[in-house]
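# Structural features, examined
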Amino acid sequence: MKERLKSWALILLVASSLVQSYFLIYRLPGSDSVLTSETNYVKTESMGQEKKIEKLVFPDKMLIHQGQNKHTVFYPGVAFYDLIFTRLESRSFNSFQRRSIQSADWARIRSENEGMELSFSGGVPVSLLERVMRLTPDSVFQGETINRIWIYIDEKNAKPHALFFSARGDVVYEANQFDMTVEDIRQHVNFGKNAPLYELVDNQYYIPADDLETVQPVVYAGLFTTEQMQRNLFFDPGITRNIQEKDGSQIYTDSKRSLQIKQEQRWMSYTDPSAPGAGGSSSVRDVLAAVDFVNQHGGWDASYQLKMRSSDESRTNVLFQQYYGSYPVLDTPSFRFGTILLEIQQETASVYDRSLLYLKGGEQSSKKVMLPGGETLKKQLEAVAEGKTIRDLTPVYQPELINDGLKLVPEWRVTLGDGSVAEIHAVAVTATTSSTPQTQQSQAVKK
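Description of the structure in this document. Every chain begins its residue count from 1, and numbering advances along the sequence as written. Given that this is a predicted model, residues contribute local features only at a pLDDT of at least 70 and side-chain atom pairs are listed and counted only at 80 or more, while totals for whole chains, interfaces and linings are drawn from all residues. Processing note: side-chain calculations cover all non-hydrogen atoms of the structure and skip hydrogens and water entirely.

## A short note on the overall build of the protein
Helical segments are the DSSP runs of H or I of at least four residues, strand segments are the runs of E of at least two, and each set is numbered from the N terminus. Within the protein, the secondary structure is distributed over eight helices and 26 strands. The contact definition used throughout considers only heavy atoms, calling two residues in contact when any of these lie within 4.5 Å. In the protein, 68% of the contacts between residues at least 6 apart in sequence involve partners at least 24 apart. Here the open area of atoms and residues is found with the Shrake-Rupley method and a 1.4 Å probe, where only the protein chains shown may cover a residue. Accessible surface computed for the protein: about 21800 Å², of which carbon and sulfur atoms make up 49%.

## Regarding helix H7 (residues 283–296)
Every helix has an expected span of 1.5 Å times one less than the residues it contains. In this model H7 runs 20 Å from its N-terminal to its C-terminal C-alpha over 14 residues, within 8% of the 20 Å that 1.5 Å per residue would give. Within H7, the full set of buried residues consists of Val-284, Asp-286, Val-287, Ala-289, Ala-290, Val-291, Phe-293, Val-294 and Asn-295. Phi for Gly-298, located one or two positions after H7, is positive at around 120°. Each residue is assigned to one of three classes by its accessible area relative to the maximum for its type, calculated with a 1.4 Å probe on protein chains only: buried under 20%, partly exposed between the two thresholds, exposed over 50%.

## A look at the layout of surface pockets
Here a cavity means grid points, on a 1 Å grid over the protein atoms only, where a 1.4 Å probe fits yet cannot get out; a pocket means an open set of points with protein on both sides within 12 Å along at least five of seven lines; lining residues are those with an atom within 4 Å of a point. Grid points are joined across faces, edges and corners, and a volume is the space filled by probe spheres set on the points. Reported here for the largest pocket is a volume of approximately 1400 Å³. Lining of the largest pocket is provided by 46 residues; of these, Asp-60, Lys-61, Ser-121, Gly-122 and Asp-392 occupy positions nearest its centre. Looking at the lining of the largest pocket, the element that brings in the most residues is strand E22 (residues 390–402), giving six residues. In this classification, the charged set is Asp, Glu, Lys and Arg, the nonpolar set is Ala, Val, Leu, Ile, Met, Phe, Trp, Tyr, Cys and Pro, and all remaining amino acids, among them Gly, are polar. Tallied by class, residues from the lining of the largest pocket come to 20 nonpolar, 14 polar and 12 charged.

## A word on the nonpolar core
Within this scheme, the nonpolar core is defined by two criteria: the residues are buried Ala, Val, Leu, Ile, Met, Phe, Trp, Tyr or Cys, and they are joined through side-chain atoms within 4.5 Å. Among the nonpolar cores identified, the biggest contains 105 residues, and Phe-93, Leu-129, Ile-151, Phe-164, Leu-306, Phe-320 and Leu-342 are the most heavily contacted of them. Of the residues forming this core, the biggest block, seven residues, is contributed by H7. Excluding anything up to four places from it in sequence, Ile-151 contacts Leu-88, Phe-93, Gly-115, Met-116, His-161, Ala-162, Phe-178, Met-180 and Ile-185. Counting residues in hydrophobic clusters, the runner-up holds eight residues, among them Trp-106, Trp-150, Tyr-152 and Phe-165.

As structure tokens, this is what we get:
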């Protein structure tokens, strides 16, 4: 009898141990399981902030046309930029009519009429734009990609107009119904009355009438480790094997996916060849999938702007451009930083490239520098263009790695007609330097 009781007691102990082991592995119903399907990625830790697509779609510049050929440029983070864009987000635009780009003399309208122009370099699909603005697109307008929004007052009949320009460059869509009055537009234009003036050159790009005072910050930076990225991108990091490349880079693979780490460049490139191949693909759904993928695998360390690169029936190439303050941070062949790049196939990431460096927040130091303007800038543009046409001029930050931080050096980035680029560097502020203060340009982007 005693032996039988001992046997039953042993059976109960073994059964109890098995039940406890089950709950330790799978946890209680309703909680997150430690195990997950191999088709899903494991999110093991929070490495950066999460963002919604609405925070990634914003104009790279806002042009204020004051009439009489007077213009002002606001960049992201400037107080008036944020105020105007926030107001436009709440306005309704309906009943779109398609027009040929040849239907008006846009150069004359820009120089003679008051208004504001929002520039989205690369263009934004209407389906994404309507997530940040109250648009009621129809079948004529829905499939378009927009790179400019222009709202102005026709001074002859005091009538407001709202135009959406196709990125293809051949058509423009006018909203015949929108809830902005002449007084609303004029109030927005008045925000630029006391701001530095800009000159439109060759109907292509704007240069400030005077030098612009800006800042050169040194910001704190951190570095994602290889182990962090392995845990974040592989279902079971324990089964990955390491391959040493001749160029010094390391490749980690689980036989399905691969992660290449370039330590000297502090850059990573992740590929998933098992992503769906050719087939129907929606660029908008792919962009949303790209945002979700970054949210889950590294996150965002600063403000980023969506830039559509290319899209076809099988894949969508997406680039997210990092901003610091008002300016984008350059990604150069010599120093990879400032961009997150993805290739999406049927809402699945097949390529994911980004820097292992990230901004930790806060500045170690900051000093004032001058971006040249006026006649000085014109002469420098002639020198760097070397007879080529100039397509665009925009202020940017050139990053430089120093100790445990990044120095962000302001400069003008000159885009030439053949696609090549040149730089015009800022100079330190001196007691004898004349300047037009533009301290609002250094405010943090509220995106």
